[in-house]
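# Secondary and tertiary structure notes
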Amino acid sequence: MECQKLAYLEQIVEEIRPLTKQGKVATYIPALGHANPNTLAIAIYEGEGNCFSAGNISEKFTLQSVSKILSLALALQEHGEDYVFSKVGMEPTGDPFNSIAKLETSVPSKPLNPMINAGALAVTAMLPGKDTDEKLKNLLDFIHQLSGNSKITYNEEVAQSEFETANLNRSLCYFMKSHGVIEGDIEDLLDLYTKQCAIEVDCNDLAHMGWVLGNKGFNPITQKKVLSHDISRIVKTFMVTCGMYNDSGEFAIKVGIPAKSGVAGGILCAVPNGPGIGIYGPALDNKGNSLGGIKLLERISAERNLSIF
Ligand code: GLN
């Protein structure tokens, strides 16, 4: 569905856009380095399916860590809470998203939560399907239902670029394999994980997914329940406690909306029983979150009184 451009939103985007100069595009995945740091966009879905947008909304970008909430939802649907949380914990961390430190010091060695890389890799290993292709297809089918966009697929260049350089994620995987947290072939898992992270969307897609998630997993347009109430509750709770990496506490105070960010610059927000918001701004702050995106959310949340606290 085409989103309606809103003049007041455009004005806010243009006021905040100059701040993106203070951020930096991620380059540790080389293909992400091509993004234009000046880009900023927002889309909002609400009510019965009204959509508003502003900024560079035709830009596409890869989900990166935003995919972690989607793989978690699907793993929970397939295996249930008990199994998933026997492999990965529920506690937030003040460490960066790709840190290996806690894996060695916590006993038994279990990733702290599904939003850091170690936990997300363990969750990706639980996706339903007999092989990488089938697992990826199941994840994409699920994303098609959540986003209302059946054209979504992954960006091969970004997936390949991450696969070739994912040595930190490789070491997390081998460490977890040696401690029995994950099983199977690590290169296959990294292939699937990097494709999952390279799934390509736009702001409308993120906003639509956030709207369905905020609406307890029910899509009012198709009248379909995409997710159970319980799973959407668990996912939103992780978004609050760990969704913005080690900035989640400050974000909860300043914005107060369940949100998940990714290093390509996307942020998916789900206001319980309220709007879904999709953001794109590839210039990141030093925690790996979209700098302009966070400023934009601070403004929108304050003006529309969206904090859940
Ligand atoms: N694919 C990225 C990684 O694993 C995702 C990280 C992120 O978005 N924070 O490093």
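Residues numbered from 1 in each chain as written. Predicted model: local features only at pLDDT ≥ 70, side-chain atom pairs only at ≥ 80, totals over all residues. Heavy atoms only, no water.

## Examining the overall build of the protein chain
- Along the backbone of the protein chain there are 12 helices and 10 strands.
- Taken over the C-alpha trace, the protein chain has a radius of gyration of 18 Å; the compact-globule value for 309 residues is 19 Å, and the two agree within 12%.
- With the C-alpha coordinates of the protein chain rotated into their principal frame, the extents come out at 55 × 40 × 35 Å.
- Counting over 309 residues, the protein chain shows a buried share of 58%.
- Considering only intrachain contacts with a sequence separation of at least 6, the fraction spanning at least 24 residues in the protein chain is 68%.
- Entry remark: accessible area of the protein chain is about 12500 Å², with carbon and sulfur atoms responsible for 51%.
- Each charge sign in the protein chain was given a centre, from 27 positive and 35 negative side chains, and these centres are 3 Å apart. (Helix = DSSP H or I, 4+ residues; strand = E, 2+ residues; numbered from the N terminus. Rg over C-alpha atoms; globule rule 2.2 N^0.38 Å. Buried < 20%, exposed > 50% of the residue type's maximum accessible area, 1.4 Å probe, protein only. Contact = heavy atoms within 4.5 Å. Areas by Shrake-Rupley, 256 points an atom, 1.4 Å probe, with all protein chains shown as cover. Lys, Arg positive; Asp, Glu negative; His and termini not counted. Charge placed at Lys NZ, Arg CZ, Asp CG, Glu CD.)

## Looking at the pairing of strand β3 (residues 50-55)
- Among the 6 residues of β3, 5 are classified as buried, and the element is accordingly described as predominantly covered.
- Judged from the 2 bridges that link them, strand β1 (residues 4-5) and β3 form a sheet pairing that is parallel. Along β3, the bridge assignment pairs Gln 4 with Phe 52.
- Linking two consecutive strands that pair antiparallel, namely strand β2 (residues 41-46) and β3, is a turn of 3 residues; a positive phi of about 55° is found at Gly 47 within it. (Pairing = 2+ DSSP bridges.)

## Things to note about the packing of helix α7 (residues 167-178) against helix α8 (residues 186-197)
- At a minimum axis separation of 10 Å, α7 and α8 run at an interaxial angle of 135°. Taken together, the axis directions place α7 and α8 in an arrangement best described as oblique. Our pair here, α7 against α8, has a crossing hand that is right-handed. When α7 is examined against α8, the residues Asn 169, Arg 170, Cys 173, Tyr 174 and Lys 177 are found in contact with a partner set consisting of Ile 186, Glu 187, Leu 189, Leu 190 and Tyr 193.
- The residue makeup of the contact of α7 with α8, split by class, is 6 nonpolar, 1 polar and 3 charged. (Axes fitted to C-alpha atoms, helices over the stretch in contact; angles between N-to-C directions. Parallel < 35°, antiparallel > 145°, perpendicular 65-115°, else oblique. Left-handed = near helix turned anticlockwise from the far one by under 90°. Nonpolar A, V, L, I, M, F, W, Y, C, P; charged D, E, K, R; others polar.)

## A word on the pairing of strand β10 (residues 276-280)
- Counting buried residues along β10, 5 of its 5 residues qualify, which places the element largely inside the surrounding structure.
- Judged from the 5 bridges that link them, β2 and β10 form a sheet pairing that is antiparallel. If you follow Ile 42 over to β10, its bridge partner there is Ile 279.
- Taken together, the 5 bridges between strand β9 (residues 266-270) and β10 define a ladder with antiparallel strand orientation.

## Brief notes about the state of the cysteines
- Within the structure shown, the criterion is met by 1 disulfide.
- Each sulfur in the disulfide pair Cys 3 and Cys 51 lies 1.7 Å from the other. Taking the torsion about the sulfur-sulfur bond, which here is approximately 60°, the covalent link between Cys 3 and Cys 51 counts as right-handed. Remark: Cys 51 occurs in strand β3 and Cys 3 occurs in the segment before β1; sequence separation between them is 48 residues.
- Relative accessible area serves as the criterion here: at 9%, Cys 3 is assigned to the buried category.
- According to the relative accessible area criterion, Cys 51 is buried, its value standing at 5%. (Disulfide = S-S within 2.5 Å.)

## Observations regarding the environment of Lys 130
- The topology assignment puts Lys 130 in the loop between α4 (117-124) and α5 (132-147).
- With 127 residues separating them in the primary sequence, Lys 130 and Cys 3 have C-alpha atoms 38 Å apart.
- Within the structure, the side chain of Lys 130 is placed 2.7 Å from the side chain of Glu 134, a separation counted as a polar contact. (Polar contact = N/O pair within 3.5 Å; in protein donor to acceptor, adjacent residues only side chain to side chain.)

That is the geometry; function is a separate question.
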